[in-house]
Amino acid sequence: MSLQEYARKRDFRKTPEPEPGKPVKSGKDSGRFFIQRHNATRLHYDFRLEIDGALKSWAVPKGPSLDPSVKHLAAMVEDHPLDYGDFEGNIPKGNYGAGSVMLWDRGTFELEGEASAMEQIAKGDLKFTLHGEKLQGSFVLVHMKNRGKGNEWLIIKHRDDFVQPGWDIENYAYSVKTGRTQEEIASDLPAHRQPAAVKNAAAKKKLHA
Ligand code: MN
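Residues numbered from 1 in each chain as written. Predicted model: local features only at pLDDT ≥ 70, side-chain atom pairs only at ≥ 80, totals over all residues. Heavy atoms only, no water.

Asks: Give me the lowdown on the overall build of the protein, citing residues and values where you can.
Replies: Along its length, the protein carries four helices and nine strands. From first element to last, N terminus to C terminus, the protein shows the α and β order α-β-β-β-β-β-β-α-β-β-β-α-α. The buried share among the 209 residues of the protein stands at 46%. Here the analysis covers contacts within the protein between residues at least 6 apart in sequence; of these, 57% occur between residues at least 24 apart. (Helix = DSSP H or I, 4+ residues; strand = E, 2+ residues; numbered from the N terminus. Buried < 20%, exposed > 50% of the residue type's maximum accessible area, 1.4 Å probe, protein only. Contact = heavy atoms within 4.5 Å.)

Asks: Provide a residue-level description of the coordination of the manganese ion, including the pertinent values.
Replies: Coordination of the manganese ion by the protein involves H38 (ND1), H44 (NE2) and D46 (OD), with metal-donor separations of 2.1 to 2.3 Å. Between consecutive donor residues of the manganese ion, the sequence gaps follow H-x5-H-x1-D. The class for H44 is buried, based on a relative accessible area of 14%. (Donors = N, O, S within 2.8 Å, 3.2 Å for Na, K, Ca; no water.)

Asks: Got a sec to walk through the pattern of salt bridges? Specific residues and values, please.
Replies: A pair can form between side chains of opposite charge whenever their charged atoms are brought close. Tallied over the full model, the rule gives 15 salt bridges. The partner of D46 in a salt bridge is R48, with the nearest N and O atoms 3.6 Å apart. Between E88 and R180 there is a salt bridge, with the nearest N and O atoms lying 2.9 Å from each other. Placement of the pair is E88 in the loop between β4 (71-80) and β5 (89-91) and R180 in the loop between β9 (152-157) and α3 (182-186), with a sequence separation of 92 residues. An identical accessibility class is assigned to E88 and R180; each is buried. One connected set of salt bridges, linked through shared partners, spans E5, K9, R10, E17 and E78. (Salt bridge = Lys/Arg side-chain N within 4 Å of Asp/Glu carboxyl O.)

Asks: Summarise the environment of I91; cite the residues concerned and give the values.
Replies: Note on placement: I91 falls in strand β5. Taking the C-alpha atoms as reference, I91 lies 7.3 Å from E17; in sequence the two are 74 residues apart. Excluding residues within four positions of it along the chain, I91 makes contact with T15, P16, E17, H38, Y84, Y96, G97, A98, G99 and V101.

Asks: I'd love a proper account of the nonpolar core, names of residues and values included.
Replies: F47, L49, W58, L126, F128, L130 and L141 are the most contacted members of the largest nonpolar core, which has 27 residues in total. Looking at this core, the elements with two or more residues in it are β1 (30-39), β2 (43-51), β3 (54-60), β6 (99-111), α2 (117-123), β7 (125-132), β8 (136-143) and β9. Residue contacts for F128: discarding those within four places in its chain leaves F47, L49, F109, E110, L111, E112, G137, S138, F139 and L141. By size, the runner-up hydrophobic cluster in this structure holds 10 residues, among which are F87, V101, L103 and V176. (Core = buried A, V, L, I, M, F, W, Y, C linked by side-chain atoms within 4.5 Å.)

Asks: Explain unusual backbone geometry to me, using residue names and the numbers behind them.
Replies: Of note, the phi angle at D52 is positive, near 50°, even though the residue is not glycine. With relative accessibility at 38%, the residue D52 sits in the partly exposed group. Despite not being glycine, D188 has its phi angle at roughly 60°, a positive value. For D188, the position within the fold is in the loop between α3 and α4 (196-208). Given a relative accessible area of 60%, D188 falls into the exposed group.

Asks: So, the packing of aromatic side chains: which residues are in play, and what are the values?
Replies: By the definition in use, this model includes 11 aromatic pairs. Ring plane angle 80° and centroid distance 6.4 Å describe the contact between F109 and F128, whose orientation is recorded as edge-to-face. Placement of the pair is F109 in strand β6 and F128 in strand β7, with a sequence separation of 19 residues. In terms of burial, F109 and F128 fall into one category: buried. (Phe/Tyr/Trp six-rings, centres within 6.5 Å; stacked < 30°, edge-to-face > 60°.)

Here you go:
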């Protein structure tokens, strides 16, 4: 686990992102996961799994999908500290990754198979089940070993009860932490009284009542 690259890229006097703290040992086969929607130079999603006391991280330009026929590129990036998980806010201009960061999804994951997460990462075949507020079910991250800079993976939904063909990530562009849209976060508007997910669930209930 190394947070050196994370720390090297950032000046913590200038960005609200968390400074790396003391490493915390996490469970072997399960942990938390976080996905941030990050409107930097290019809009992308940052997919993070709690493994060995850090957040293993992939930048996914098109985001993950619940449609199993979709294979989206996921570029492995530097480990992030666990405290980064529920970060939401604005990284000021001139800093690494400048732009607005939305906490797009969060929850826990279970590793699939017998091998440890680090063994699966080394093999380039990491299988896990997500229990998130937006994403559920079984996924795989597959390393395309001889492509690009060597950090290119694909994130793919496995076929299970949570599959949704034609699923469009843009229909879920709100924060699970504050209910805000990307623009509301960028303008530093306060959190909604009710997160959008709660509102949607309430609206659905009404519809079916
Ligand atoms: Mn990012």
